[in-house]
Amino acid sequence: MASDLHIHTSFSDGKFLPEEIVEKSKQLGLKYIGITDHDTIDGIADLYDKGFYPATGINIIPGIEMSADSEKHEIHILGYNIDIFNEELRENLIEVSEARWTRFSEIIEKLNNEGYDITETEVLTLAGASRSISRSHVARVLVKKGIFKTVREAFNTLLERGKPCYVPHFRLSVKKIIELIHSAGGIVVLAHPKLIYDDDSVQELLDLGMDGIEAYYPEHNDIDTARYINYAKKRNLIISGGSDYHGIGARHNIELGEFELDDKFAKQIFEMKK
Ligand SMILES: [Zn+2]
Ligand SMILES: [Zn+2]
């Protein structure tokens, strides 16, 4: 049996509802799954409200993926086993989400100024249930309208840092995120370290009080994974892994179930529940 601890749902920028993810994962025989939407835990709350969490036949790890403030790098931090009712975490997430809305309007304005025909309504229609409106929603509309062939192309041309329609956004500091996840009873894991493109920074980040590292990731080759496992061993950190599944061709085209994390790692995280 295998596990996958990095999955997005339509509550952020994934394609499928949390309950659809749970159902698909069960059919695929996954043993542990981590739902890790960007800056929101509403997908887990939705599962809970609808009676899908806790589930039978599969172990769901309530998680989150938070973007940290950094001048130089794109730093994502995963939280696992978090208490979704924790007030402090919820309040901070509301603040982050409000800032996302402001940023979203600014991005659309920039696109219009650059001559691209796109409206807020078009993006909101596509985003559907999402509580965490993002650049990928904007990019998907641009692709849908035939302006770009792929989401990646839209990012590379317009939306990425340094490109004409990039808007910086409010983010919590790495330290604040670690503190929030810990105070909500969670485990802090540094997401996809290779995408930070700077291993010295990766090691510094781990030393700020992270509990683990996402050593297994589709864009990590065996050498990368071995290096990250080594970083973990040196610091006595836990090892995690996941596909970063979105259900749409975002960063990598990988189907749920294609990426497999050994259950022993997932089990360790699942059992670290407070
Ligand atoms: Zn990420
Ligand atoms: Zn992710």
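Note that this is a predicted model, so its numbers are computed, not measured.

J.: Just to check I follow, could you spell out the overall build of the protein for this structure?
T.: Across its full length, the protein holds ten helices and eight strands. Taken over the C-alpha trace, the protein has a radius of gyration of 18 Å; the compact-globule value for 274 residues is 19 Å, and the two agree within 12%. Principal-axis analysis of the C-alpha atoms gives the protein an extent of 50 × 45 × 35 Å. The long-range share in the protein, meaning contacts at least 24 apart out of those at least 6 apart in sequence, stands at 72%.

J.: In this structure, what is going on with the pairing of strand β5 (residues 187-190)? I would like to understand it.
T.: Covered by surrounding structure in β5 are Ile187 and Val189 together with Val188 and Leu190, the residues of both alternating faces. Taken together, the four bridges between strand β4 (residues 75-80) and β5 define a ladder with antiparallel strand orientation. The partner of tyrosine 80 across the bridge, within β5, is isoleucine 187. In the sheet, β5 pairs with strand β6 (residues 212-216) via two bridges, with the strands oriented parallel. Residue pairing for β6: valine 189 is matched across the bridge by glycine 212. Running through helix α8 (residues 199-206), the crossover from β5 to the neighbouring parallel element β6 is right-handed.

J.: What's the story with the sheet that holds strand β7 (residues 238-241) in this structure? I'm lost.
T.: On the basis of which strands lie adjacent, the open sheet formed by eight strands has the order β7-β6-β5-β4-β3-β2-β1-β8 and mixed pairing. For this open sheet the edge positions go to β7 and β8 (261-262), each flanked by a neighbour on one side alone. Its contacts with the sheet put helix α1 (residues 18-28) on β1 (2-7), β2 (30-35) and β3 (59-68), and the angle it makes with β2 is roughly 155°.

J.: Looking at this structure, I do not really get the nonpolar core. What am I missing?
T.: The tendency in soluble globular proteins is for nonpolar side chains to be buried side by side. Within the largest apolar cluster, 53 residues are counted, with the highest numbers of intra-cluster contacts made by Ile33, Ile77, Ile177, Val189, Leu190, Met210 and Ile213. Setting aside chain neighbours within four positions, we find isoleucine 77 in contact with Met66, Ala68, Val174, Ile177, Val188, Leu190 and Ala191. Core analysis: the second largest hydrophobic core is formed by 17 residues, Ile108, Val141, Phe155 and Leu159 among them.

J.: Got a minute to help me understand the packing of α1 against helix α2 (residues 42-49) in this structure?
T.: What describes two packed helices is the angle between their axes and the distance between those same axes. Here α1 crosses α2 at 75°, and the two axes come no closer than 9 Å. In this view, α1 runs roughly perpendicular relative to α2, as classed from their interaxial angle. Contacts between α1 and α2 involve Pro18, Glu19 and Val22 on the former and, on the latter, Gly43, Asp46 and Leu47. Counted by class, the contact of α1 with α2 contains three nonpolar, one polar and two charged residues.

J.: Any chance you could explain the pairing of β4 here in plain terms?
T.: When a strand is regular, its side chains alternate between the sheet's two faces. Counting buried positions over the six residues of β4 gives six, a clear majority of the element. Residue alternation in β4 divides its side chains into two sets, Ile75, Ile77 and Gly79 and His76, Leu78 and Tyr80, and both sets are buried. Judged from the six bridges that link them, β3 and β4 form a sheet pairing that is antiparallel. Among the inter-strand pairings, methionine 66 is bridged to a residue of β4, identified as isoleucine 77.

J.: Help me understand the environment of isoleucine 77, please; the structure alone is not making it clear to me.
T.: If you trace the backbone, isoleucine 77 turns up in strand β4. Overall, the presence of 22 C-beta atoms within 10 Å leaves isoleucine 77 in the buried class.

J.: What am I meant to see in the packing of helix α5 (residues 135-144) against helix α6 (residues 151-159) here?
T.: Relative to each other, α5 and α6 sit at 110°, their axes nearing to 9 Å. Between α5 and α6, the crossing angle belongs to the class labelled roughly perpendicular. For the pair α5 and α6, the contacting residues are Arg135, Ser136, Val138, Ala139, Arg140, Leu142 and Val143 in the first and Val151, Ala154, Phe155 and Leu159 in the second. Classifying every residue of the contact of α5 with α6 gives eight nonpolar, one polar and two charged.

J.: What am I meant to see in α6 here?
T.: Since the α-helix advances by 3.6 residues per turn, residues separated by three or four positions end up pointing in the same direction. If you check which residues of α6 are buried, you get Val151, Ala154, Phe155, Leu158 and Leu159. The buried residues of α6 all sit within an arc of 105° when viewed along its axis, so they share a single face. Considering only its buried residues, α6 is in contact with α5.

J.: Sorry if this is basic, but what is going on with the environment of lysine 267 here?
T.: Topologically, lysine 267 is positioned in helix α10 (residues 263-271). For lysine 267, a count of 14 C-beta atoms within 10 Å translates into the label partly exposed.

The rules behind the values
- Residues numbered from 1 in each chain as written.
- Chains lettered and ligands numbered in written order.
- Predicted model: local features only at pLDDT ≥ 70, side-chain atom pairs only at ≥ 80, totals over all residues.
- Helix = DSSP H or I, 4+ residues; strand = E, 2+ residues; numbered from the N terminus.
- Rg over C-alpha atoms; globule rule 2.2 N^0.38 Å.
- Contact = placed C-beta atoms within 7 Å.
- Buried ≥ 20, exposed ≤ 12 C-beta atoms within 10 Å, placed from the backbone.
- Pairing = 2+ DSSP bridges.
- Right-handed = clockwise from strand over helix to strand, strands pointing away.
- Axes fitted to C-alpha atoms, helices over the stretch in contact; angles between N-to-C directions.
- Core = buried A, V, L, I, M, F, W, Y, C linked by C-beta atoms within 7 Å.
- Parallel < 35°, antiparallel > 145°, perpendicular 65-115°, else oblique.
- Nonpolar A, V, L, I, M, F, W, Y, C, P; charged D, E, K, R; others polar.
- Arc of directions from axis to C-beta.

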